[in-house]
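Residues per chain, in single letters:
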Amino acid sequence: MFVTLTANPSVDRTVEVARLTRGDLHRATGATLQPGGKGINVARALVRNGHKARAVVPAGGAEGDQLISLLEDCDIDVVRVRTEKPVRSNISIVEPDATVTKLNEIGPRLSAQEIETVCDVLLANVADARWVVVAGSLPPGVGEDFYAALIERLAPTGVRVVVDTSGPAFRTSVKAGPALVKPNLDELEEAVDRRLDTVRDIVDAAQELRFLGAGKVLASLGSKGAVLVEDAGIWCANASAEPRSSVGAGDAMLAGFLAAGGSGPQALATAVAWGAAAVSLPGSTMPGPQDVEARRVRVEPHPGWDEKVRE
Ligand SMILES: Nc1ncnc2c1ncn2[C@@H]1O[C@H](COP(=O)(O)OP(=O)(O)O)[C@@H](O)[C@H]1O
Ligand SMILES: O=P(O)(O)OC[C@H]1O[C@](O)(COP(=O)(O)O)[C@@H](O)[C@@H]1O
């Protein structure tokens, strides 16, 4: 069982337009409405590929009801924590060259009581978990040490915790010693407070996070694939794709890594295969086994240290 917590879930609308121009009326060429938020997407990807996943989801209001009903057909064990304020809606605008413009709402404020309930519910639902994924931004009212405190409370259970978040919450959570973190390039740059241009820069930054407390670092680099830095070694991998929408690609990629054991080059290969498959699908559609093409994957046991990591 994989357990995820999405502190700030969303109803995701992805709208496809021929070309985005500020101030213009656009007629959408396609649209999807999907359950959103990083932990939810990780759970969606895992169950699409035959794994068991439970998603803890604070959800209030009519939008919360809509989110839960969108999750009904997904085969996820959804544990809803009812909150007073409504779930947010996030909008992604996708152009034919797969450029994505994201409009993420800040999310509903959670009360101190609601935050405590979310923690208690998560802790009550991890007994059968192999991994716990705590992911996404934190809504208003939730302190930046929320994930760090959860990692500390989960430590006695022995479960491995993955963090995928951004900003101050990311840096703070690293110091609490998660087994794995999954930053994208922007998040990694923000965490180490400098620009990163090459594989060497990524590995140095990852080692800094490991020095601070993270066990492994799985850095995602868009079309450049991903870099895994762990005790056993350092690997780079990428998979080719005809990109359509990158929304949720990082979540699919993390799910692939966990599904394949959460360690080493084979798990990294699966991760980028799932990421590439996700990016080829509309909206935040999570790939199933028929979408994933292992032949597209290239794993480098000896990273090209000076290779550029920007697209
Ligand atoms: N254009 C692309 N071609 C192939 N794979 C891609 C492409 N864009 C993203 N991916 C895959 O999706 C993963 C996550 O993408 P990235 O944009 O780094 O993460 P996030 O969605 O978290 O911002 C990458 O590591 C890669 O495996
Ligand atoms: O919590 P945040 O950082 O606002 O992100 C939430 C958004 O990220 C997603 O989980 C997609 O994640 P990625 O594109 O980073 O993989 C959407 O479903 C959701 O709208």
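Residues numbered from 1 in each chain as written. Chains lettered and ligands numbered in written order. Predicted model: local features only at pLDDT ≥ 70, side-chain atom pairs only at ≥ 80, totals over all residues.

(A) Layout of the overall build of the protein. Summing up its helical and strand segments, the protein has 9 helices and 14 strands in all. Whereas a compact globule of 311 residues would reach a radius of gyration of roughly 19 Å, the protein reaches 18 Å, a difference of no more than 12%. Dimensions along the principal axes, computed over C-alpha positions, put the protein at roughly 50 × 50 × 35 Å. When contacts within the protein are restricted to residue pairs at least 6 apart in sequence, those whose partners lie at least 24 apart make up 69%. (Helix = DSSP H or I, 4+ residues; strand = E, 2+ residues; numbered from the N terminus. Rg over C-alpha atoms; globule rule 2.2 N^0.38 Å. Contact = placed C-beta atoms within 7 Å.)

(B) Quick peek at the site of ligand 2. By nearness alone, 18 residues border ligand 2, and Gly 36, Asn 90, Gly 136, Ser 137 and Gly 250 come closest of all. Those elements giving two or more residues to the shell around ligand 2 turn out to be strand 2 (10-16), helix 1 (38-48) and helix 8 (249-259). By residue number, the principal contributor to the shell around ligand 2 is helix 8, which donates 3 residues. Looking at the shell around ligand 2 residue by residue, the class counts come to 2 nonpolar, 13 polar and 3 charged. (Near = placed C-beta within 6 Å. Nonpolar A, V, L, I, M, F, W, Y, C, P; charged D, E, K, R; others polar.)

(C) Looking closely at helix 8. Of all 11 residues that make up helix 8, 11 are buried, and the element is covered over most of its length. Taken as a whole, helix 8 has its buried residues at Ala 249, Gly 250, Asp 251, Ala 252, Met 253, Leu 254, Ala 255, Gly 256, Phe 257, Leu 258 and Ala 259. Positive phi appears at Gly 261, one or two residues downstream of helix 8, with a value of about 110°. (Buried ≥ 20, exposed ≤ 12 C-beta atoms within 10 Å, placed from the backbone.)

(D) Spatial organisation of the sheet that holds strand 2. Strand order in this open sheet of 4 strands is 3-2-6-7, and the pairing throughout is mixed. Strand pairing shows two members of the sheet lacking a second neighbour, strand 3 (30-36) and strand 7 (100-104), which therefore form its edges. Across this sheet, the average inter-strand angle for adjacent strands is 15°, counted without regard to direction. Of the strand pairs in this sheet, strand 2 and strand 3 are connected by 7 bridges, and their pairing is antiparallel. Counterpart to Val 15 in the pairing with strand 3 is Ala 31. (Pairing = 2+ DSSP bridges. Axes fitted to C-alpha atoms, helices over the stretch in contact; angles between N-to-C directions.)

(E) Just the site of ligand 1, in detail. The full set close to ligand 1 counts 18 residues, and Ser 220, Ser 223, Ala 249, Gly 250 and Gly 275 are the nearest of them. Those elements giving two or more residues to the shell around ligand 1 turn out to be helix 8 and helix 9 (264-279). Looking at the shell around ligand 1, its residues break down into 10 nonpolar, 8 polar and no charged.

(F) A look at the nonpolar core. Counting 97 residues, the largest nonpolar core has Ile 202, Ala 226, Val 227, Leu 268, Val 272 and Trp 274 as the members making the most contacts within it. Here this core takes 11 residues from helix 9, the largest share from any one element. (Core = buried A, V, L, I, M, F, W, Y, C linked by C-beta atoms within 7 Å.)

(G) Focus on the packing of helix 1 against helix 8. Across the interface, helix 1 lies against helix 8 with an axial gap of 8 Å and an inter-helix angle of 55°. Judged by the inter-axis angle, helix 1 sits oblique to helix 8. Pair helix 1 / helix 8 crosses with right-handed handedness. Across the interface between the two elements, Lys 38, Asn 41, Val 42, Ala 45 and Leu 46 of helix 1 pack against Asp 251, Ala 252, Leu 254, Ala 255 and Ala 259 of helix 8. (Parallel < 35°, antiparallel > 145°, perpendicular 65-115°, else oblique. Left-handed = near helix turned anticlockwise from the far one by under 90°.)

(H) Representation of the environment of Asp 77. Counting through the fold element by element, Asp 77 comes out in strand 5 (residues 77-83). When the C-alpha positions of Asp 77 and Ala 43 are compared, they lie 9.1 Å apart, and in sequence the two are 34 residues distant.

(I) Representation of the UniProt feature "domain: Carbohydrate kinase PfkB" (unreviewed entry) in the protein in the model. Residues annotated by UniProt as "domain: Carbohydrate kinase PfkB" (unreviewed entry) correspond here to residues 8-286. Segment residues 8-286 splits into 35% helix and 25% strand. End C-alpha atoms: 19 Å apart. (UniProt positions renumbered as here; feature names shortened; annotations may be inferred.)

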